[in-house]
Protein chains: 2
Amino acid sequence: MEQTEGARRNPLSPGRILHTAVALADEGGIDSVSMRKLAQELGVVPMALYKHIANKDELLDGMIDVVVSEIDPPGAGLDWKTAVRQRILSARRALLCHTWASRVIESRTTPTPAVLAYMDSMIGMLLSGGLSVDLTHHVMHALGSRILGFSQELFTPSASVDPREAATAVRAMSGTYPHLAKVAARVDHDEGAVVGPGCDDQFEFEFALDLLLDGIEALRVRRWSSHSSQQAAP
Amino acid sequence: MEQTEGARRNPLSPGRILHTAVALADEGGIDSVSMRKLAQELGVVPMALYKHIANKDELLDGMIDVVVSEIDPPGAGLDWKTAVRQRILSARRALLCHTWASRVIESRTTPTPAVLAYMDSMIGMLLSGGLSVDLTHHVMHALGSRILGFSQELFTPSASVDPREAATAVRAMSGTYPHLAKVAARVDHDEGAVVGPGCDDQFEFEFALDLLLDGIEALRVRRWSSHSSQQAAP
DNA sequence: ACCTGAACACCGTTCAAGT
DNA sequence: ACCTGAACACCGTTCAAGT
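Reading the values: rules and limits
Residues numbered from 1 in each chain as written. Chains lettered and ligands numbered in written order. Predicted model: local features only at pLDDT ≥ 70, side-chain atom pairs only at ≥ 80, totals over all residues. Heavy atoms only, no water. Contact = heavy atoms within 4.5 Å. Buried area = accessible area lost by both parts, 1.4 Å probe. Salt bridge = Lys/Arg side-chain N within 4 Å of Asp/Glu carboxyl O. Polar contact = N/O pair within 3.5 Å; in protein donor to acceptor, adjacent residues only side chain to side chain. Helix = DSSP H or I, 4+ residues; strand = E, 2+ residues; numbered from the N terminus. Axes fitted to C-alpha atoms, helices over the stretch in contact; angles between N-to-C directions. Parallel < 35°, antiparallel > 145°, perpendicular 65-115°, else oblique. Nonpolar A, V, L, I, M, F, W, Y, C, P; charged D, E, K, R; others polar. Patch = residues over 30% accessible without salt bridge, like charges linked within 9 Å, V, L, I, M, F, W, Y side chains within 5 Å. Areas by Shrake-Rupley, 256 points an atom, 1.4 Å probe, with all protein chains shown as cover. Lys, Arg positive; Asp, Glu negative; His and termini not counted. Charge placed at Lys NZ, Arg CZ, Asp CG, Glu CD. Least-squares fit on C-alpha atoms with pLDDT ≥ 70 in both. Near = heavy atom within 4 Å. Buried < 20%, exposed > 50% of the residue type's maximum accessible area, 1.4 Å probe, protein only. Phe/Tyr/Trp six-rings, centres within 6.5 Å; stacked < 30°, edge-to-face > 60°. Lys NZ or Arg CZ within 6 Å of the ring centre and 35° of its normal. Core = buried A, V, L, I, M, F, W, Y, C linked by side-chain atoms within 4.5 Å.

A. Structural detail: the interface of chain A and chain B. Between chain A and chain B, the contact holds 69 residues from the first and 69 residues from the second. For the pair chain A and chain B, the summed buried area comes to about 5900 Å², and 69% of that belongs to carbon and sulfur atoms. In terms of surface lost to chain B, no three residues of chain A exceed Leu154, Phe155 and Phe207 of chain A, which account for 13% of the buried area on that side. In this structure, the connection of chain A to chain B is made through 0 salt bridges. If you look at where chain A meets chain B, you find 15 residue pairs in polar contact (both at pLDDT 80 or more). Among the elements of the structure, helix H6 (101-107), helix H7 (113-128), helix H8 (133-143), helix H10 (178-193) and helix H11 (201-221) of chain A are those that each provide at least two residues to the side of chain A that touches chain B.

This is the structure in structure tokens:
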């Protein structure tokens, strides 16, 4: 007949559910976000959530939009390359704050409205920077998930990597994977000497990003078009 | 006291389990590969699988290695760029044959021996092509999962996309996402006119790959080093 | 000693029973 | 009419009971 005190004081809403879900994922990883655990965190029965969100897919989409909304708006008065670079690095910051986000976005099959809006804005930056519609289209594909700050590494090194343990592993694999060991040994050496960037995630991300952006700028200057060239990037 | 006829005729083995699991995933998607369904497909009780594979993680690792083993060996007598390009396109072919593979690889946290061997071989190709150890290291990061043929698109377009339906969607979103609609409309137009590549996955993949490889070749020629430059890719 | 069926601890979601 | 607890159909894996 009457709602419980807890519910009246703090009524459920899509916003509160989403906020709690994001906090839960930030703290305990995405696996700790189940409809059951989320309901428990909110002090309600699991089925109560279904009054505010249709299903778990909608919950995940909402969580993505929370992260995407943390991306800074585009800066004004900058050349296209600087502006795009800044925005992508901002997206990367947002993504790094929520370690679960990239995995969740990858698992989705259709983009959320916030992601579409972000992509639309990014396309606008490219077009107003002087890129043709044709080039812009291919550039969006070439940047791909990197637009949202994805590092696109094959294996993200697990957080708990003891340097001494890693060095031992490198020595052990030098027989089986000689080339890999050679590169890994060099990175170790660099880190010890503090001479240059050994294996800094941020450096690697910017290295790849700049490689692409510089190549794209060259195509823009050359008025490259997919219609007029046999090769993609001569 | 005696094994069943089925089991005696076709005894379980890690190889047979893996082969069946890959076939099952190829046919019905990765979700149809559960220990229970896999056992059913093999005509055994679920627990029988655990005699040959430790757990589901080991099964997934084994499935990955099956796909990776389908990648062609490196071609001989080619310059590094052509050789690397060919090999990555071969990896992409293997990956496209098994639509579940990229998702499964992404979900793993540690690389399998076959993946390590492939990466080791790829590093060897770069080093013997004249790239420094330093540059090779950053190049491996920059290529990232693209080395295995990942397209790194933000959203892989679902297989069932009706062109007419897509055109309607583009017109509908032109108000909310004007820039996106502009690019999408251009792609539609191109496809109709058969003038150039509208949105061919293979073209987009090669476009991005060549953008990176050409940029890398330029760095090699310039003897670029992460120690001697402030900017990653000047 | 060995194999295996039942059981455990989960999951997202449905549905009918109770107020 | 509405809310919700039990139930359904799964999942990977454990474990003890039976042969």
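B. Quick peek at the packing of helix H2 (residues 14-28) of chain A against helix H3 (residues 35-42) of chain A. Residues and elements named next belong to chain A. Orientation of H2 relative to H3, taken along the N-to-C sense of each, is 110 degrees, at an axis distance of 10 Å. As the angle between them shows, H2 and H3 are arranged roughly perpendicular. Between H2 and H3, the residues in contact are Arg16, Ile17, Thr20, Ala21 and Leu24 and Lys37, Leu38, Glu41 and Leu42, respectively. Here the residues of the contact of H2 with H3 sort into 5 nonpolar, 1 polar and 3 charged.

C. Representation of a negative patch on the surface within the structure. A cluster of acidic residues, Asp26, Glu27, Glu41 and Glu70 of chain A, forms a negative patch at the surface. Summarising the element assignment, Glu27 of chain A is placed in helix H2.

D. Geometry of the relation of the copies chain A and chain B. With an RMSD of 0.0 Å, chain A superimposes on chain B once it is rotated by 180 degrees and translated 0.0 Å along the axis. Such a combination of rotation and displacement between the chain copies is what one expects of a two-fold axis. Most of the interface of chain A is mirrored in chain B, where 100% of its interface residues are also at the interface.

E. The environment of Met125 of chain B, seen in detail. Residue and element names in this part refer to chain B. For Met125, the location among the structural elements is in helix H8 (residues 113-128). C-alpha separation for the pair Met125 and Ala23, spaced 102 residues apart in sequence, amounts to 32 Å. Those residues within four positions of Met125 in sequence are excluded, and the remaining contacts are Pro74, Trp80, Ala83, Val84 and Arg87.

F. Examining the protein's contact with DNA strand C more closely. Looking at DNA strand C, the residues that line it are Ser34, Met35, Arg36, Lys37, Met47, Tyr50, Asn55 and Lys56 of chain A together with Arg36, Val45, Met47 and Lys51 of chain B. Sugar and phosphate atoms constitute 47% of the interface atoms of DNA strand C, taking the interface as everything within 4 Å of the protein. In this structure, a phosphate oxygen belonging to DNA strand C sits 2.9 Å away from a side-chain N or O atom of Tyr50 of chain A. Lys56 of chain A places a side-chain nitrogen or oxygen 2.8 Å from a phosphate oxygen of DNA strand C. Top element by residues in the surface near DNA strand C is H3 of chain A. It accounts for 3 residues. Of the residues belonging to the surface near DNA strand C, the class tally is 5 nonpolar, 2 polar and 5 charged.

G. Main features of the packing of helix H5 (residues 80-97) of chain A against H7 of chain A. Residue and element names in this part refer to chain A. Running from amino to carboxyl end, H5 crosses H7 at an angle of 160 degrees, the nearest separation of the two axes being 9 Å. Between H5 and H7, the interaxial angle falls into the category roughly antiparallel. Here Trp80, Ala83, Val84, Arg87, Ile88 and Ala91 of H5 come into contact with H7, specifically with Tyr118, Ser121, Met122, Met125 and Leu126.

H. Fine view of the pattern of salt bridges. A complete count under the given rule lists 14 salt bridges over all chains for this structure. Asp57 of chain B is paired through a salt bridge with Arg108 of chain B; the nearest N and O atoms lie 2.7 Å apart. Taken together, the residues Asp57 of chain B in helix H5 (residues 56-68) and Arg108 of chain B in the loop between helix H7 (101-107) and H8 connect sequence positions 51 residues apart. Taking relative accessible area as the criterion, Arg108 of chain B reaches 12% and is therefore assigned buried. For Glu206 of chain B, the salt bridge goes to Arg85 of chain B, with nearest N and O atoms at 3.1 Å. Taken together, the positions of Glu206 of chain B in helix H12 (residues 201-221) and Arg85 of chain B in helix H6 (residues 80-97) put the pair 121 residues apart, joining distant regions of the chain. Several salt bridges share partner residues, and in doing so they unite Asp57, Asp61 and Arg108 of chain A into one network.

I. Spatial organisation of the packing of aromatic side chains. According to the stated counting rule, one finds 4 aromatic pairs over all chains in the structure shown. Seen from their ring centres, Phe207 of chain A and Trp224 of chain B are 5.0 Å apart, and the 40 degrees between their planes marks the pair as tilted. Residue Phe207 of chain A is found in helix H11, and its partner Trp224 of chain B is found in the segment after H12; the two belong to separate chains. Take Phe207 of chain A and Trp224 of chain B: they sit in the same class, and that class is buried. Relative to Phe207 of chain B, the ring of Phe203 of chain B has its centre 6.4 Å away and its plane inclined at 15 degrees; by these criteria the two rings are stacked. Highlighted residues: Phe203 of chain B and Phe207 of chain B, both in helix H12, separated by 4 residues, approximately one helical turn. Taken together, the ring pairs in this structure connect Phe203 and Phe207 of chain A together with Trp224 of chain B into an aromatic cluster. Directly above the aromatic system of Phe205 of chain A lies the positively charged group of Arg92 of chain A, at a separation of 4.7 Å from the ring centroid.

J. Region of interest: the protein's contact with DNA strand D. Lining the immediate surroundings of DNA strand D are Arg36, Val45, Met47 and Lys51 of chain A together with Ser34, Met35, Arg36, Lys37, Met47, Tyr50, Asn55 and Lys56 of chain B. The sugar and phosphate moieties of DNA strand D supply 46% of its atoms located within 4 Å of the protein. In this structure, a phosphate oxygen belonging to DNA strand D sits 2.9 Å away from a side-chain N or O atom of Ser34 of chain B. Considering each element in turn, the surface near DNA strand D owes the most residues, 3 residues, to helix H3 (residues 35-42) of chain B. The class makeup of the residues in the surface near DNA strand D is 5 nonpolar, 2 polar and 5 charged.

K. Helix H9 (residues 133-143) of chain B, seen in detail. For H9 of chain B, a buried count of 11 out of 11 residues is recorded, marking the element as mostly surrounded by other parts of the structure. Listed as buried for H9 of chain B are Val133, Asp134, Leu135, Thr136, His137, His138, Val139, Met140, His141, Ala142 and Leu143 of chain B.

L. Region of the structure containing the nonpolar core. Judged by nonpolar contacts, the single largest core of 145 residues is most densely connected at Leu59, Met63 and Tyr118 of chain A together with Leu59, Met63 and Tyr118 of chain B. With residues near it in sequence (within four places) discarded, Tyr118 of chain B still touches Val68, Ile71, Arg87, Ile88, Ala91, Ile147 and Leu148 of chain B.

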